[in-house]
Amino acid sequence: MKIPKNYNPKEVEQKWQNYWEKNKIYKFDPKSKKKIYSIDTPPPTVSGKMHLGHSFSYSQMDFIARFKRMQGYNLFYPFGTDDNGLATERLIEKEKKVKAKEMSRKDFIKLCLTTLKTLRKEYLRDFKLIGLSCDWDIFYTTINDHCRKISQKSFIDLYKDKRAYRIKSPITICPHCNTAIAQVETEDKDKESTLNYIKAKLETGDYIIYATTRPELLPACVGITLDKNGTYVRAKKDNEIWIISKEAFDRFKDEWKLVKKEEIKGKDIVNKIVTLPITNAKLTLLHDTEAKTEYGSGIVYWCTYGGVECLEYLERHPEIEPIHIMDLSGKHILGPYKGLNSTEARKKVLKDLKDNNALVLMEKIKHTVNVHERCGTDIEYVSTEQWFIKYLDLKNKFLKAGGKLNWHPDYMKHRLYNWIKGLKWDWCISRQRFFGVPFPLWYCKSCGEVILADEKDLPVDPLKNKPKKCKCGSKEFIPEKDVLDTWATSSMTPQIAASLFPKVYDKLYPMSLRPQAHDIITFWLFNTMVKSQLHNNINPWKDVVISGWALDPKGKKMSKSKGNVIEPQEMMGKYSADSLRFWAASTKLGEDSSFQEKELISGQKFSTKLWNASKFSFMHLKEYKPKKPKNLETIDKWILIKLNKIIKDSTKSFENYEYSKTKADVENFFWNTFCDHYLEIIKDRLYNADKRGIKGKKSAQFTLYHSLLAILKLMSPIIPHITEEIYQLYFKKHEKQKSIHISEWPTQFKIVDKKTERIGDEFIQILNKVRKFKTQNKLPLKHEITLTIPNKNKLKDVLEDLKAVTKAKEIKQGKLNIKKL
RNA sequence: GGGCCCGUAGUCUAGUGGUUAUGACGCCACCCUUACAAGGUGGAGGUCGGGUGUUCGAUUCACCCUGGGCCCACCA
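Parameters at a glance
Residues numbered from 1 in each chain as written. Chains lettered and ligands numbered in written order. Predicted model: local features only at pLDDT ≥ 70, side-chain atom pairs only at ≥ 80, totals over all residues. Heavy atoms only, no water. Helix = DSSP H or I, 4+ residues; strand = E, 2+ residues; numbered from the N terminus. Rg over C-alpha atoms; globule rule 2.2 N^0.38 Å. Buried < 20%, exposed > 50% of the residue type's maximum accessible area, 1.4 Å probe, protein only. Contact = heavy atoms within 4.5 Å. Lys, Arg positive; Asp, Glu negative; His and termini not counted. Charge placed at Lys NZ, Arg CZ, Asp CG, Glu CD. Arc of directions from axis to C-beta. Near = heavy atom within 4 Å. Polar contact = N/O pair within 3.5 Å; in protein donor to acceptor, adjacent residues only side chain to side chain. Nonpolar A, V, L, I, M, F, W, Y, C, P; charged D, E, K, R; others polar. 1 Å grid on protein atoms, 1.4 Å probe; cavity = no way out; pocket = protein on both sides within 12 Å on 5 of 7 lines; lining within 4 Å. Points joined across faces, edges and corners; volume = space filled by probe spheres on them. Pairing = 2+ DSSP bridges. Axes fitted to C-alpha atoms, helices over the stretch in contact; angles between N-to-C directions. Core = buried A, V, L, I, M, F, W, Y, C linked by side-chain atoms within 4.5 Å. Phe/Tyr/Trp six-rings, centres within 6.5 Å; stacked < 30°, edge-to-face > 60°. Salt bridge = Lys/Arg side-chain N within 4 Å of Asp/Glu carboxyl O. Expected span 1.5 Å × (residues − 1).

Student: For this particular structure, what's the right way to read the overall build of chain A?
Tutor: The number of helices and strands found in chain A is 24 helices and 31 strands. Computed over the C-alpha atoms, the radius of gyration of chain A is 36 Å, more than 25% above the 28 Å expected from 2.2 N^0.38 for a compact globule of 821 residues. Taken along its principal axes, the extent of the C-alpha atoms in chain A is 115 × 70 × 45 Å. Buried positions account for 56% of the 821 residues belonging to chain A. Long-range contacts, defined as pairs at least 24 residues apart, comprise 76% of the intrachain contacts of chain A with a sequence gap of at least 6. Within chain A, the 103 negative side-chain charges are centred at a point lying 7 Å from the centre of the 149 positive side-chain charges.

Student: Would you take a moment to explain helix H9 (residues 395–404) for this structure?
Tutor: Every α-helix carries 3.6 residues per turn, so stepping three or four residues along brings you back to the same face. Here H9 has its buried residues at Phe398, Leu399, Ala401 and Gly402. The arc that holds every buried residue of H9, seen down its axis, measures 165 degrees, which confines them to one face. Structural note: H9 exposes Asn396, Lys400 and Lys404 on the side pointing more than 90 degrees away from its buried face. Looking at the buried side of H9, the elements it contacts are strand S18 (406–408), helix H10 (413–422) and helix H14 (521–536).

Student: Looking at this model, I keep getting lost on unusual backbone geometry. Mind explaining?
Tutor: Across residues other than glycine, the phi torsion is negative in most instances, and most of the peptide bonds are trans. With omega at 0 degrees, the peptide bond leading from Leu458 into Pro459 counts as cis. Its identity is not glycine, yet Asp238 carries a phi of approximately 50 degrees, on the positive side. By the secondary structure assignment, Asp238 is in the loop between strand S10 (231–237) and strand S11 (240–245). Assessed through its relative accessible area of 58%, Asp238 is described here as exposed. If you check the backbone angles, Lys807 has positive phi at about 55 degrees while not being a glycine. Here Lys807 is to be found in the loop between helix H24 (799–806) and strand S30 (808–813).

Student: What's the story with the protein's contact with RNA strand B in this structure? I'm lost.
Tutor: Taken together, 57 residues surround RNA strand B, and among them Lys292, Tyr295, Glu309, Tyr687 and Thr775 come closest. A distance of 3.0 Å separates a sugar or linking oxygen of RNA strand B from a polar atom in the side chain of Arg415. Between RNA strand B and Asp676, the relevant distance is 3.5 Å, taken from a phosphate oxygen to a side-chain nitrogen or oxygen of the residue. For the surface near RNA strand B, the class distribution of residues is 19 nonpolar, 16 polar and 22 charged.

Student: Looking at this model, I keep getting lost on the layout of surface pockets. Mind explaining?
Tutor: In this approach, a probe sized like a water molecule rolls over the atoms, and the result shows the empty space that is left. The volume enclosed by the second largest pocket comes to roughly 1400 Å³. Considering the residues around the second largest pocket, the lining is formed by 48 residues, among which Thr213, Arg214, Gly306, Glu309 and His367 are closest to the centre. Elements supplying a minimum of two residues to the lining of the second largest pocket: strand S7 (186–202), strand S8 (207–212), strand S15 (300–303), helix H7 (308–316), helix H8 (342–355), strand S16 (359–372) and strand S17 (380–389). Looking at the lining of the second largest pocket element by element, the count peaks at six residues for S7.

Student: Help me out: how do you make sense of the sheet that holds strand S21 (residues 441–444) in this one?
Tutor: Through backbone hydrogen bonds, the strands of a sheet pair up, either in parallel or in antiparallel fashion. Taken in spatial order, the three strands make up an open sheet running S22-S21-S23, and their pairing is antiparallel. A strand with exactly one partner marks an edge of an open sheet, and here the two such strands are strand S22 (450–452) and strand S23 (477–479). Across this sheet, the average inter-strand angle for adjacent strands is 35 degrees, counted without regard to direction. Pairing geometry for S21 and S22, over three bridges, is antiparallel. Each bridged residue has a counterpart across the sheet, and for Trp442 the counterpart in S22 is Ile451.

Student: Would you mind going over the nonpolar core with me for this structure?
Tutor: For soluble globular proteins, the rule of thumb is that nonpolar side chains tend to be buried together. Ranked by size, the top nonpolar core spans 126 residues in total, and within it Phe674 and Leu787 carry the most contacts. Sequence-distant contacts of Phe674, defined by excluding residues within four places in its chain, comprise Ile639, Phe669, Leu679, Leu704, Ser707, Leu708 and Ile711. Membership of the second largest hydrophobic core comes to 64 residues, among which are Leu158, Trp427, Ile429 and Leu534.

Student: How do you make sense of the packing of aromatic side chains when you look at a structure like this?
Tutor: Applying the stated rule across the entire model yields 49 aromatic pairs. Between the aromatic rings of Tyr197 and Trp256, the centroid separation amounts to 5.7 Å while the plane-to-plane angle is 75 degrees, which identifies the pairing as edge-to-face. Here Trp256 lies in helix H6 (residues 246–256) and Tyr197 lies in strand S7, a separation of 59 residues in the sequence. Residues Tyr197 and Trp256 agree in their burial class; the two are buried. Centre to centre, the rings of Tyr381 and Trp425 are 6.2 Å apart; their planes meet at 65 degrees, and the pair counts as edge-to-face. With a gap of 44 residues between them, Tyr381 in strand S17 and Trp425 in the loop between H10 and strand S19 (427–428) connect regions that are remote in the sequence. Judged by relative accessible area, which is 23%, Trp425 ranks as partly exposed. Among the aromatic residues, those joined into a ring-pair cluster are Phe582, Phe606, Phe670, Trp671, Phe674 and Tyr678.

Student: Help me understand the pattern of salt bridges, please; the structure alone is not making it clear to me.
Tutor: Opposite charge on two side chains permits them to pair, given that their charged atoms come into close proximity. The full count for this structure, using the stated rule, is 47 salt bridges. With a closest N to O distance of 4.0 Å, Glu290 and Lys292 form a salt bridge. Salt bridges sharing partners connect three or more residues here, namely Asp636, Asp684, Arg685, Arg692 and Asp801.

Student: For this particular structure, what's the right way to read helix H2 (residues 52–70)?
Tutor: Here H2 contains 19 residues, and its C-alpha end-to-end distance of 27 Å stays within 8% of the 27 Å for a straight helix at 1.5 Å per residue. With 19 of 19 residues buried, H2 lies mostly within the body of the structure. Looking one or two residues past H2, Gly72 carries a phi angle of roughly 105 degrees, positive in sign.

The structure is reproduced here in structure tokens:
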């Protein structure tokens, strides 16, 4: 077989990707008796293009998959896409330049489904390009019938278990997207705002001053509080008496021209009636534990709902009735600002307050607000009917379950613990959106009962389908229009994938491994664990491996808005998929990596070196017969001993999911020990068999064959394309497997000679000294010398090799000495 | 404010309670050696973020400080 002079990754990578897919190299065999290793592959959200972070973490998971497959496992390695929910709606709106709100639900869903068909295909191609060894026939999308059915069944089971419940409750909503959103869908944004100091009249005739960033919620004010043990000041301002905390007085006395009349305690004015400006609503001034004298004016007002703190206030004072002022669109539904949203109402209320002489000061502040991560809109808290999964009572159970997972790296478990401990709300699973899995239920029009879909009819769409009748006899129903939160479905990927093979379901679930990146521990990992625990009382997987993030060259998160996005497609085009994977393998599991384009050169160079070393090897293996010679030369045994160590260490590293260690060890062994030393040593025996004897050549050939094959196999999980190409070019005709990726993982050679390693090591030391001597004397490495060595007798079996590789005319016994000729 | 992770040469990175701190890119010098100049050999480059402590000995362990990242909470 003629081997091309240069390696062409573009052609070769495509060729083998096609071959693997066509020959179903990575096919899961449900009938096989081999032990199953199952991977709960993350279904990426279809978002147009695979990004660099994907190629980073999916490569890392693929290293493990390929290793396990070669170890002899029957690999269950599916691939799915997550393509419903808000993210998908946004994508379709952008791609098709439409607005979901302005279309009929039916048309929008239809558009989503048809558009996704094309997008999904293009998106999947990206993942195939990096050489993922998934069984692409095991495929699901979280919006298909199979997933809808499982998701709806899950809901029905949880409802029957009294875990799913519907309640009118304050929930975070996005006024822009018109939907409820979960805790995890929000992010922080630093904004400039004003802390507004507002005057309200007390029944005594004095005025209290309260401070707020949400003045527009005045019509929804449900409490004004202070600290009963705090010190406040009655101060004269023109003809009025103002009451603020002592700290506030000290801060503002000059600016506001206040004259202190007396100091009082908060309790002196508790229970007095306050009249609010504009609305003239009357409230009782109360004590509250959260009112602190040092912030603002020391007097707090609470609304429905200014934020979490207002929710908590109402929890502390259950006797107070909330005033629901907003609907899902974020607009006021009552009061003087009816029809306006928060921004509009705020502008207007501030003007009105000013006109009423009630606005004392607008203090500029910077504060952090919660915004919807998908659109950047400030979130609001609104009370609406939503479906929840009850789980706050199970925090301890989840903590225990989390601890039972084998975390790699171990410390990542703290992120889950931290999250569980901080949970405050049950899981809100309803979304007022369109493209998602529908709730499988209706409400009876006459008695209001919840009517669940029949399990045998799943999946259902309550807007299209109808139940037979209600228990009360009524045949009129109101369908639930809401859809399930996308995580309610994607949290079932282990069950979704496993149930594609019902006969071996029990062997697939719980899965062996969940690989994912660290940013979604708190939702995807946590939610999946929750579902598995709620339904089956078990963990969904045994092991968890957590990948880091690919960051930009400066170590910052990549984002379109920052313009620092690096496209993996471009990098693969410029270098190769193997180079990109080689880079992904150079970072420890869990560690973030800032991407430096020059690092792809390392992978490229490694490929070139591997190619050239193979080219050399095959030149000398033309007439090779796979038969072990009776006696191996000492140096050949030496390299096999070194190889054994690498095989042992690599296997162990891989078993601990430390692929980066395997990669580094093999890389070093190959380049240094194998190429720079071993290949140079055996050249003479291979080229000059007439002088050195055929036995020496056969020994070298045998060793060369097996060590190169082992190196290829050890590296094949990391760089699958070039290793396959080299395997196919030569090794395949001697080996039984039609792909290196389903060949056996290398095992150690049986070599018992203990002295050999020391002899070889001493040999290398002498060789290094000779090379140094030649370089320092500016001689070419082939320059001939006379060599004197201290242990000539010990090295008697390798003297011919030593002579050849050092170009020594003669080797003498004595103190180490090198002389040029 | 809380949790977790990280800080090692110009850049990226390995690593360990103990001789001279690993490798790669880049840099310098030499070598066209029958696989490979996209190579080989040799070299320069580091107060292992700063401080304190534990120890015979700390880059490694503990504490504090500082810078960065991610997650969470958050001030009316």
